[in-house]
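Structural overview
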Amino acid sequence: MDRRRRVLGEDHPNALTSASSLAADLRALGEVEAARDLDQDTLDRRRRVLGEDHPGTLLSADNLAADLRAMQALNDDT
């Protein structure tokens with residue numbers, strides 16, 4: 001992801017796709033708070049760059065919701 005950000009810029013659609021993929025990997029590894037932070041940042045940037053109704057923006061919103069559900073599940077287990 002860092003290379004894409006450096007070469008293409010932080011708000012390039014490919015860099016945003018990489019950020020989204022990294023967040024999904026973090027969530028799968030149990031790093032839910034890190035995933036949430038990255039997904040929130042990616043959602044904010046996609047809204048600004050792509051608009052509210054773009055499929056990538058909607059995917060980011062869905063990913064953020066998955067993070068929040070995972071965080072709730074972790075809290076319910078404690």
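Just so we're clear, the structure is a prediction, and the values are computed from it rather than from any experiment.

1. Side note on the overall build of the chain
- For the chain, the helix and strand inventory stands at four helices and zero strands.
- In the chain, the succession of helices and strands from N to C terminus is α-α-α-α.
- For 78 residues, the compact-globule formula gives about 12 Å, and the C-alpha radius of gyration of the chain, at 13 Å, lands near that figure.
- By principal-axis analysis of the C-alpha atoms, the chain measures approximately 40 × 25 × 15 Å.
- Counting every position in the chain, which comprises 78 residues, the buried fraction comes to 28%.
- Across the chain, every contact between residues at least 6 apart in sequence was considered, and the portion connecting residues at least 24 apart equals 46%.

2. Notes on helix H2 (residues 13–28)
- Its 16 residues place the ends of H2 23 Å apart at the C-alpha level, agreeing with the 22 Å of an ideal helix rising 1.5 Å per residue.
- Listing the buried residues of H2 in full gives Ala15, Leu16, Ser18, Ala19, Ser20 and Ala23.
- Immediately downstream of H2, the backbone of Gly30 shows phi near 90 degrees, a positive value.

3. Let's talk about the pattern of salt bridges
- The tally for this structure, following the rule as stated, stands at seven salt bridges.
- In this structure, Asp37 and Arg36 form a salt bridge, with 3.0 Å as the shortest nitrogen-oxygen distance.
- Accessibility expressed as a relative area gives 46% for Asp37, which makes it partly exposed.
- Exposure remark for Arg36: the relative accessible area of 25% places this residue in the partly exposed category.
- Residues Asp41 and Arg45 are paired through a salt bridge, measuring 3.0 Å at the closest nitrogen-oxygen approach. Pair noted here: Asp41 and Arg45 are both in helix H3 (residues 32–50), with a separation of four residues, about one helical turn.
- Judged by its relative accessible area of 5%, Arg45 falls in the buried class.

4. So, the confidence of the model for the chain
- Looking at the chain as a whole, the pLDDT averages 91, with 92% of positions reaching at least 70.
- Within the chain, the element-level pLDDT minimum falls on helix H1 (residues 2–8), averaging 70, and the maximum on H3, averaging 97.

The rules behind the values
Along each chain, numbering runs from 1 in the same order as the chain's sequence is written. Owing to the predicted nature of the model, reporting of local features is limited to residues with pLDDT of at least 70; listing and counting of side-chain atom pairs is limited to 80 or more, with chain, interface and lining totals taken over all residues. Processing note: side-chain calculations cover all non-hydrogen atoms of the structure and skip hydrogens and water entirely. A run of DSSP states H or I qualifies as a helix once it reaches four residues; a run of E qualifies as a strand once it reaches two. Both are numbered from the N-terminal end. Only C-alpha atoms enter the radius of gyration, while the globule expectation follows 2.2 Å times N to the 0.38, with N the number of residues. Per-residue accessibility, obtained with a 1.4 Å probe over protein chains only, is compared with the maximum for each type, and a residue is labelled buried under 20%, exposed over 50%, and partly exposed between these values. Whether two residues are in contact is decided by their heavy atoms: any pair within 4.5 Å suffices. Take the number of residues in a helix, subtract one, and multiply by 1.5 Å to get its expected span. For this analysis, a salt bridge means a side-chain nitrogen from Lys or Arg found within 4 Å of a carboxyl oxygen belonging to Asp or Glu. Each residue carries a pLDDT score, the predictor's confidence in it, ranging from 0 to 100.

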